[in-house]
Amino acid sequence: MDVDEEERADEGAAAGEHGRVGEQLDEAGRARARAVVFDLSRLEYVSSAGLRSFMLAAKQARGVDCRLLVAAMQPGGAEIFGISRLNLILDAFPTVRAP
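One structure accompanies this document, and this report is about it. (Residues numbered from 1 in each chain as written. Predicted model: local features only at pLDDT ≥ 70, side-chain atom pairs only at ≥ 80, totals over all residues. Heavy atoms only, no water.)

### Comments concerning the nonpolar core
Right, so step 1: Grouped together as the largest cluster of nonpolar side chains are 20 residues, with contacts concentrated most on Phe38, Phe54, Leu68, Phe81 and Leu90.
Right, so step 2: Of all the elements in the fold, those that place two or more residues in this core are α1 (11-30), β3 (35-39), α2 (48-63) and β5 (67-71).
Right, so step 3: At five residues, the largest contribution of residues to this core is made by α2. (Core = buried A, V, L, I, M, F, W, Y, C linked by side-chain atoms within 4.5 Å. Buried < 20%, exposed > 50% of the residue type's maximum accessible area, 1.4 Å probe, protein only. Helix = DSSP H or I, 4+ residues; strand = E, 2+ residues; numbered from the N terminus.)

Have a look at this one:
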């Protein structure tokens with residue numbers, strides 16, 4: 001399952017996205033998907049609220065026995081993920097395409 005993220009993951013976006021992502025993770029669990037991929041190619045900014053949303057999504061994914069993956073991060077997003085150590089929780093890939 002692929003989830004395309006908007007340009008900003010801040011408090012306003014996080015509030016609306018959390019419900020949508022939660023529904024998609026529930027759907028992935030019902031479909032017994034092994035992984036959900038977040039396409040972050042358009043994500044330019046991540047606030048603390050956005051980071052929290054990713055952490056909650058990762059926890060929910062584990063609850064339905066599914067891996068949460070991030071792909072195609074822009075340099076700014078990758079830097080924030082590294083500083084916050086979220087890169088230790090989520091597997092990151094350079095592109096959305098499967099190897």
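So much for the structure itself; the text now carries on.
### Regarding the environment of Ala35
Right, so step 1: Considering the arrangement of structural elements, one finds Ala35 in strand β3.
Right, so step 2: It is 10.0 Å that separates the C-alpha atoms of Ala35 and Arg62, two residues lying 27 residues apart in sequence.

### Notes on α2
Right, so step 1: With 16 residues, α2 should reach 22 Å at 1.5 Å per residue; the first-to-last C-alpha distance of 23 Å fits that figure.
Right, so step 2: Backbone geometry just after α2 places Asp65 at a positive phi near 55°. (Expected span 1.5 Å × (residues − 1).)

### Quick word on the pattern of salt bridges
A side chain with one charge can pair with a side chain of the opposite charge if their charged atoms come near.
Right, so step 1: On inspection of all chains with the given rule, the structure shows one salt bridge.
Right, so step 2: Here Arg67 and Asp91 are joined by a salt bridge, their closest N and O atoms 2.4 Å apart. With Arg67 in strand β5 and Asp91 in strand β6 (residues 91-93), the pair connects residues that are 24 residues apart, well separated along the chain. (Salt bridge = Lys/Arg side-chain N within 4 Å of Asp/Glu carboxyl O.)

### Details of a nonpolar patch on the surface
Right, so step 1: On the surface, a nonpolar cluster with roughly 320 Å² of combined accessible area is contributed by Met55, Leu88 and Ile89.
Right, so step 2: With respect to the helices and strands, Leu88 occurs in the loop between α3 (75-84) and β6. (Patch = residues over 30% accessible without salt bridge, like charges linked within 9 Å, V, L, I, M, F, W, Y side chains within 5 Å. Areas by Shrake-Rupley, 256 points an atom, 1.4 Å probe, with all protein chains shown as cover.)

### Observations concerning the packing of aromatic side chains
Right, so step 1: Taken as a whole, this structure holds two aromatic pairs when the rule is applied.
Right, so step 2: Between Phe38 and Phe54, the aromatic rings sit 5.5 Å apart at their centres with planes inclined by 70°, giving edge-to-face as the arrangement. Of this pair, Phe38 sits in strand β3 while Phe54 sits in helix α2; the two residues are 16 residues apart in sequence, bridging distant segments of the chain.
Right, so step 3: Note on Phe54 and Phe81: the rings are 5.2 Å apart at their centroids and 65° apart in plane angle, and the pair reads as edge-to-face. Of the two residues, Phe54 sits in helix α2 while Phe81 sits in helix α3, which places them 27 residues apart along the sequence. Both residues of the pair, Phe54 and Phe81, belong to the buried class.
Right, so step 4: Taken together, the ring pairs connect Phe38, Phe54 and Phe81 into an aromatic cluster. (Phe/Tyr/Trp six-rings, centres within 6.5 Å; stacked < 30°, edge-to-face > 60°.)

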